[in-house]
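Working through the structure, step by step
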Amino acid sequence: MSLLKLEDLTIDFAVEGRVAHVARGVSLTVAPREVVGLVGESGCGKSVVSLAIMGLLETPPARIAAAELTLNGKNLLALNNRQRRAIRGREMAMIFQEPMTSLNPVYTVGDQLREAYLAHNADAETAASRALAALDEVHIPNAKNIVNCYPHELSGGMKQRVMIAMALICRPSLLLADEPTTALDVTVQAQILALLREIRATQKMGMLFITHDLGVIAELADRVCVMYAGRIVERAPAAKIFAAPQHPYTRALLKCVPKMRGARERLYNLAGTVPSPFALPPGCKFAPRCEWATPECRQIEPDLRAVADEHCVACRQVKASGS
């Protein structure tokens with residue numbers, strides 16, 4: 001059973017008479033206790049998809065449409081603002097990329113944790129104990145002292161743990177993590193990933209993990225959706241993505257990962273950039289950067305189709321399952 005089901009999501013932004021197509025036909029699911037990785041370069045539309053799921057995009061200028069967008073069977077697109085606020089925090093929560101811009105600098109950690117709890121619960125006395133418990137759950141030492149600290153008094157890793165505690169304080173069933181380790185050093189990043197693995201093991205929470213770091217995905221994700229220019233171009237279990245990537249874009253991303261073994265060689269560089277959502281090229285959007293692109297690729301955009309069990313690819317050069 002799917003916890004989150006997203007089918008054919010389209011997001012456009014109308015800006016000064018121009019239209020940006022930032023998400024085009026995005027479909028994915030997240031099951032309880034499953035971690036789904038959404039991977040791609042900056043500008044591929046990953047974060048916008050998460051904001052649409054959370055209901056944090058202002059409409060207009062955003063125009064959102066989907067065949068289905070449900071959480072625990074509830075149609076999120078049919079909810080009004082009051083109903084969305086009732087779900088946000090209680091049934092789904094989000095960890096943002098930069099905790100310093102997400103935490104209010106003039107309120108203490110405890111104030112912000114209690115506010116997140118009281119948005120969905122009326123018991124102020126319980127809110128205080130839940131704030132301390134939430135900090136303990138994310139392994140923040142001296143929680144009784146930290147609740148009285150302001151964000152600027154904490155390190156980057158501590159602030160990110162506070163953000164995770166705030167997201168978990170009402171025990172949501174879905175967690176959206178938008179590049180939560182990007183701004184942290186390698187040691188702290190490993191600690192945060194270990195914490196997220198622990199949360200996943202001890203709770204029935206599903207997680208949509210958004211990142212451009214394939215190393216992070218290898219450690220955490222069960223399934224991977226690779227996104228390019230607003231579309232998912234490859235979807236498969238994580239083991240298949242790393243063992244046998246099919247889409248040229250996925251292969252290029254993996255080639256960019258430094259290798260720790262073997263002969264020293266120059267790091268692969270994927271030439272070009274993600275096209276502007278205001279001026280998408282015809283045909284396959286990756287074709288201008290793809291060394292295997294044919295004239296047909298540049299004219300006709302391929303559909304996402306099965307090439308093996310649980311493995312779908314949007315590429316004309318990859319044979320479909322059974323062909």
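Cut-offs applied
- Residues numbered from 1 in each chain as written.
- Predicted model: local features only at pLDDT ≥ 70, side-chain atom pairs only at ≥ 80, totals over all residues.
- Heavy atoms only, no water.
- Pairing = 2+ DSSP bridges.
- Helix = DSSP H or I, 4+ residues; strand = E, 2+ residues; numbered from the N terminus.
- Phe/Tyr/Trp six-rings, centres within 6.5 Å; stacked < 30°, edge-to-face > 60°.
- Lys NZ or Arg CZ within 6 Å of the ring centre and 35° of its normal.
- pLDDT = per-residue confidence, 0-100.
- Core = buried A, V, L, I, M, F, W, Y, C linked by side-chain atoms within 4.5 Å.
- Buried < 20%, exposed > 50% of the residue type's maximum accessible area, 1.4 Å probe, protein only.
- Contact = heavy atoms within 4.5 Å.
- Salt bridge = Lys/Arg side-chain N within 4 Å of Asp/Glu carboxyl O.
- Expected span 1.5 Å × (residues − 1).
- Arc of directions from axis to C-beta.
- Polar contact = N/O pair within 3.5 Å; in protein donor to acceptor, adjacent residues only side chain to side chain.
- Lys, Arg positive; Asp, Glu negative; His and termini not counted.

Here we take up the pairing of strand 12 (residues 305-308). Bridge count between strand 12 and strand 13 (residues 311-313): three bridges; the pairing is antiparallel. Looking at strand 13, one finds that Ala 306 is bridged to Cys 312. The hairpin turn running from strand 12 into strand 13, its antiparallel successor, is two residues long, and Glu 310 in that turn takes a positive phi close to 65 degrees.

Evaluated as defined, the whole model comprises three aromatic pairs. Cluster of aromatic residues (ring-pair linked, three or more members): Tyr 228, Tyr 249 and Phe 286. Just above the ring of Phe 278 sits the side chain of Arg 18; from NZ or CZ to the centre is 4.3 Å.

This brings us to the confidence of the model for the protein. Averaged over every residue, the pLDDT of the protein is 90; residues scoring 70 or more account for 98%. Of all the helices and strands in the protein, helix 3 (residues 99-102) carries the lowest mean pLDDT, 78, while strand 11 (residues 231-237) carries the highest, 97.

Formed by 66 residues in total, the largest nonpolar core has its most connected members in Leu 135, Ile 164, Leu 196, Phe 209 and Tyr 249. Per element, the largest residue contribution to this core is eight residues, and it comes from helix 7 (residues 156-168). Excluding anything up to four places from it in sequence, Leu 135 contacts Val 109, Leu 113, Ile 140, Ala 143, Ile 146, Val 147, Val 162 and Ala 165. Leu 3, Leu 6, Val 22 and Val 26 belong to the second largest nonpolar core, which has 34 residues in total.

What follows deals with the environment of Ala 306. Take Ala 306: it is sitting in strand 12. With relative accessibility at 37%, the residue Ala 306 sits in the partly exposed group. The spacing of Ala 306 and Ser 173 is 133 residues in sequence and 29 Å in space, taken between C-alpha atoms.

Turning to the pattern of salt bridges, a few remarks are in order. A complete count under the given rule lists 13 salt bridges for this structure. The residue Arg 289 makes a salt bridge to Glu 41 at a minimum N-O spacing of 2.9 Å. Taken together, the residues span a long stretch of sequence, with Arg 289 in the loop between helix 11 (248-255) and strand 12 and Glu 41 in the loop between strand 3 (35-39) and helix 1 (46-54) at a distance of 248 residues. Of the charged contacts in the structure, one is a salt bridge between Glu 137 and Arg 130, with a shortest N-O distance of 3.6 Å.

Burial runs high along strand 11: six of the seven residues are buried. Judged from the six bridges that link them, strand 10 (residues 223-228) and strand 11 form a sheet pairing that is antiparallel. Following the sheet pairing, Cys 225 is matched in strand 11 by Arg 235. As consecutive antiparallel partners, strand 10 and strand 11 are separated by two residues, and within that stretch Ala 229 has a phi angle of approximately 50 degrees, a positive value. Relative to strand 13, strand 11 runs antiparallel, the two sharing two bridges.

A separate point is helix 5 (residues 124-137). Look at helix 5: 20 Å from first C-alpha to last across 14 residues, which is about the 20 Å you get at 1.5 Å a residue. For helix 5, the full list of buried residues reads Ala 127, Arg 130, Ala 131, Ala 134 and Leu 135. Down the axis of helix 5, the buried set is contained in an arc of 135 degrees. They therefore lie on one face. Where the residues of helix 5 are buried, they touch helix 4 (109-118), helix 6 (143-146) and helix 7. One side-chain oxygen at the N-terminal end of helix 5 lies 3.1 Å from the backbone nitrogen of Glu 125; it belongs to Asp 123. Once helix 5 ends, the next one or two residues include His 139, with phi positive near 60 degrees.

All right, on to the side chain of Arg 84 then. Within the secondary structure, Arg 84 sits in helix 2 (residues 81-87). Lacking a salt bridge, the buried Arg 84 has Glu 91 as its closest oppositely charged neighbour, with an N-O distance of 11 Å. When sequence neighbours within four positions are dropped, the list of residues in contact with Arg 84 reads Ala 52, Ile 53, Met 54, Gly 55, Leu 76, Leu 77 and Leu 79.

As a further point, take the side chain of Arg 289. By relative accessible area, which is 13% here, Arg 289 ends up buried. A polar contact of 3.0 Å, which involves the side chain of Arg 289, links it to the backbone oxygen of Gly 272. Beyond its immediate sequence surroundings of up to four residues, Arg 289 is in contact with Glu 41, Tyr 228, Leu 270, Ala 271, Gly 272, Thr 273 and Val 274.

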